[in-house]
Amino acid sequence: MALFKRRTVGKPGEWFYCLNHQTVEEGPECRAADRFGPYATREEASHAMETARERNLEWDTDPRWHEKGEGQGTGDGAAG
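Residues numbered from 1 in each chain as written. Predicted model: local features only at pLDDT ≥ 70, side-chain atom pairs only at ≥ 80, totals over all residues. Heavy atoms only, no water.

### Section: unusual backbone geometry
Here is step 1: With omega at 15 degrees, the peptide bond leading from glycine 37 into proline 38 counts as cis.
Here is step 2: Checked against the element boundaries, proline 38 lands in strand S3 (residues 35–39).
Here is step 3: A positive phi angle, near 55 degrees, is found at glutamine 22, a position not held by glycine.
Here is step 4: Among the secondary structure elements, glutamine 22 is positioned in the loop between strand S1 (15–18) and strand S2 (23–26).
Here is step 5: Taking relative accessible area as the criterion, glutamine 22 reaches 59% and is therefore assigned exposed. (Helix = DSSP H or I, 4+ residues; strand = E, 2+ residues; numbered from the N terminus. Buried < 20%, exposed > 50% of the residue type's maximum accessible area, 1.4 Å probe, protein only.)

### Considerations on the pattern of salt bridges
Here is step 1: The final tally for this structure, using the stated rule, is two salt bridges.
Here is step 2: As a salt-bridge pair, aspartate 62 and arginine 64 come within 2.7 Å of each other at their nearest N and O atoms.
Here is step 3: For aspartate 62, a relative accessible area of 13% gives the class buried. (Salt bridge = Lys/Arg side-chain N within 4 Å of Asp/Glu carboxyl O.)

Structural data, given as C-alpha coordinates:
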(Lines give C-alpha, C1' and ligand atoms only; values in the text may rest on other atoms or scores of the structure.)
Protein backbone atom coordinates (compact mmCIF):
# COMPACT_ATOMS: atom_id res chain seq x y z
CA MET A 1 0.00 0.00 0.00
CA ALA A 2 1.38 3.40 -0.96
CA LEU A 3 1.81 5.98 1.76
CA PHE A 4 1.01 8.86 -0.53
CA LYS A 5 -1.60 8.81 -3.23
CA ARG A 6 -0.58 10.66 -6.36
CA ARG A 7 -3.21 13.31 -7.03
CA THR A 8 -4.08 14.82 -10.35
CA VAL A 9 -3.89 18.59 -10.69
CA GLY A 10 -6.98 20.63 -11.38
CA LYS A 11 -10.31 21.33 -9.81
CA PRO A 12 -13.98 20.85 -10.57
CA GLY A 13 -15.32 23.50 -12.93
CA GLU A 14 -12.21 23.33 -15.10
CA TRP A 15 -12.47 21.40 -18.34
CA PHE A 16 -9.78 19.25 -19.94
CA TYR A 17 -9.31 17.25 -23.12
CA CYS A 18 -7.90 13.77 -22.49
CA LEU A 19 -5.47 12.73 -25.22
CA ASN A 20 -5.70 9.03 -24.33
CA HIS A 21 -9.47 8.74 -24.28
CA GLN A 22 -10.10 11.57 -26.76
CA THR A 23 -12.85 12.90 -24.53
CA VAL A 24 -13.68 16.04 -22.59
CA GLU A 25 -13.58 15.72 -18.82
CA GLU A 26 -14.46 18.04 -15.97
CA GLY A 27 -11.93 18.41 -13.21
CA PRO A 28 -8.93 16.13 -12.84
CA GLU A 29 -9.61 12.63 -14.10
CA CYS A 30 -6.59 11.60 -16.17
CA ARG A 31 -2.98 12.45 -15.43
CA ALA A 32 -1.74 15.89 -16.47
CA ALA A 33 0.72 14.53 -19.06
CA ASP A 34 -2.22 13.00 -20.96
CA ARG A 35 -4.47 16.04 -21.24
CA PHE A 36 -4.79 19.57 -22.56
CA GLY A 37 -6.28 22.29 -20.39
CA PRO A 38 -7.66 23.66 -18.29
CA TYR A 39 -10.33 25.35 -20.37
CA ALA A 40 -13.08 27.62 -19.06
CA THR A 41 -15.88 25.75 -20.80
CA ARG A 42 -16.73 22.29 -22.06
CA GLU A 43 -17.04 23.78 -25.56
CA GLU A 44 -13.46 25.12 -25.51
CA ALA A 45 -12.14 21.77 -24.31
CA SER A 46 -14.02 19.95 -27.07
CA HIS A 47 -12.05 21.96 -29.65
CA ALA A 48 -8.66 21.34 -28.01
CA MET A 49 -7.15 19.37 -30.89
CA GLU A 50 -8.33 21.93 -33.45
CA THR A 51 -6.87 24.74 -31.33
CA ALA A 52 -3.56 22.87 -31.05
CA ARG A 53 -3.40 22.36 -34.84
CA GLU A 54 -4.09 26.06 -35.44
CA ARG A 55 -1.42 27.13 -32.95
CA ASN A 56 1.13 24.73 -34.45
CA LEU A 57 0.42 26.12 -37.92
CA GLU A 58 0.87 29.67 -36.62
CA TRP A 59 4.24 28.76 -35.10
CA ASP A 60 5.35 26.85 -38.19
CA THR A 61 4.59 29.81 -40.44
CA ASP A 62 5.77 32.59 -38.08
CA PRO A 63 8.60 34.42 -39.87
CA ARG A 64 10.27 35.26 -36.54
CA TRP A 65 11.16 31.57 -36.17
CA HIS A 66 12.70 31.44 -39.63
CA GLU A 67 14.82 34.61 -39.65
CA LYS A 68 18.22 32.94 -39.51
CA GLY A 69 19.55 31.29 -42.62
CA GLU A 70 21.84 28.30 -42.59
CA GLY A 71 25.29 29.09 -41.30
CA GLN A 72 24.07 32.02 -39.21
CA GLY A 73 23.72 32.16 -35.49
CA THR A 74 27.37 32.38 -34.53
CA GLY A 75 26.51 34.88 -31.81
CA ASP A 76 28.82 37.65 -33.10
CA GLY A 77 25.96 39.76 -34.44
CA ALA A 78 27.32 39.69 -37.99
CA ALA A 79 25.07 38.57 -40.80
CA GLY A 80 26.65 35.87 -42.79
